[in-house]
Amino acid sequence: MDINELSARRDGVFTTQEARECGVSASTISRKVRSGAWKVVARGVYIVAGHLRSARAQARIAVLSVHTQAALGGLPLRGGLGSTTRNPASTSCSPRLAGHTPDRLPLL
């Protein structure tokens, strides 16, 4: 998968590691950020410039800024991403622990 396909599937959000796995060099990442094509939204997390920073994109940013294996959870998350009709009051984000399966939703 190339970086364009990845970003299209992931609400415009991706990490340095994911970009590198798509074959993007460190110098290309720096150039894209300097040119404004990509915006740094958290350490090692980017969004494609001009991409809508939707609730889904913001959820991805939150998760990826914690860890690539982190998960968001709770009823507020479901409300914020359209799974229920309730409005979110707060959202939690925590890393997954080996052998532990908390009541959390995987990132969409």
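Definitions and cut-offs
- Per chain, residues are indexed from 1 in the order of the written sequence.
- In keeping with the predicted nature of the model, local features appear solely for residues at pLDDT of at least 70, side-chain atom pairs appear and are counted solely at 80 or more, and the whole-chain, interface and lining totals rest on all residues.
- Neither water nor hydrogens contribute to the side-chain values; these are computed over all heavy atoms in the structure.
- Paired strands are those between which DSSP finds at least two bridges.
- A run of H or I in DSSP counts as a helix once it spans at least four residues, and a run of E counts as a strand once it spans at least two, with each numbered from the N terminus.
- Convention adopted: a line fitted to C-alpha atoms gives each axis, helices being fitted over their contacting stretch, and angles between N-to-C directions are expressed from 0 to 180 degrees.
- By definition, residues are in contact when any of their heavy atoms lie within 4.5 Å.
- Among buried residues, those of type Ala, Val, Leu, Ile, Met, Phe, Trp, Tyr and Cys that are joined through side-chain atoms within 4.5 Å constitute a nonpolar core.
- Each residue's exposure class comes from its accessible area (1.4 Å probe, protein chains only) as a fraction of the maximum for that residue type: buried when under 20%, exposed when over 50%, partly exposed otherwise.
- Any carboxyl oxygen of Asp or Glu within 4 Å of a side-chain nitrogen of Lys or Arg constitutes a salt bridge here.

Attention now goes to the sheet that holds strand E3 (residues 45-48). The 3 strands lie next to each other as E1-E3-E2, forming an open sheet whose pairing is antiparallel. Here the strands that pair on one side only, and so sit at the sheet edges, are strand E1 (13-15) and strand E2 (38-42). Pairs of neighbouring strands in the sheet enclose a mean axial angle of 35°, with direction left out of account. Relative to E3, E1 runs antiparallel, the two being bridged by 3 bridges. Bridging across to E3, phenylalanine 14 finds its partner in tyrosine 46. Contacts from helix H3 (residues 26-35) reach E2 and E3 within the one sheet, and its direction differs from that of E2 by about 95°.

Among the nonpolar cores identified, the biggest contains 8 residues, and these are Ile3, Leu6, Phe14, Ala19, Val24, Ile29, Trp38 and Tyr46. Contact partners of isoleucine 29, with chain neighbours within four places excluded, come to Thr16, Ala19, Arg20, Val24, Trp38 and Tyr46.

On to the pattern of salt bridges, then. Applying the stated criterion to the full structure yields 4 salt bridges. Close ionic contact of glutamate 18 with arginine 10 constitutes a salt bridge, the shortest N to O distance being 2.8 Å. Owing to a relative accessible area of 15%, arginine 10 belongs among the buried residues under this scheme. With a closest N to O distance of 3.5 Å, aspartate 11 and arginine 56 form a salt bridge. Of this pair, aspartate 11 sits in the loop between helix H1 (3-9) and E1 while arginine 56 sits in helix H4 (residues 55-66), and the two are 45 residues apart along the sequence. The exposure class assigned to aspartate 11 is buried, which follows from its relative accessible area of 14%. Among the charged side chains, a network of salt bridges with common partners joins Asp11, Arg56 and Arg60.

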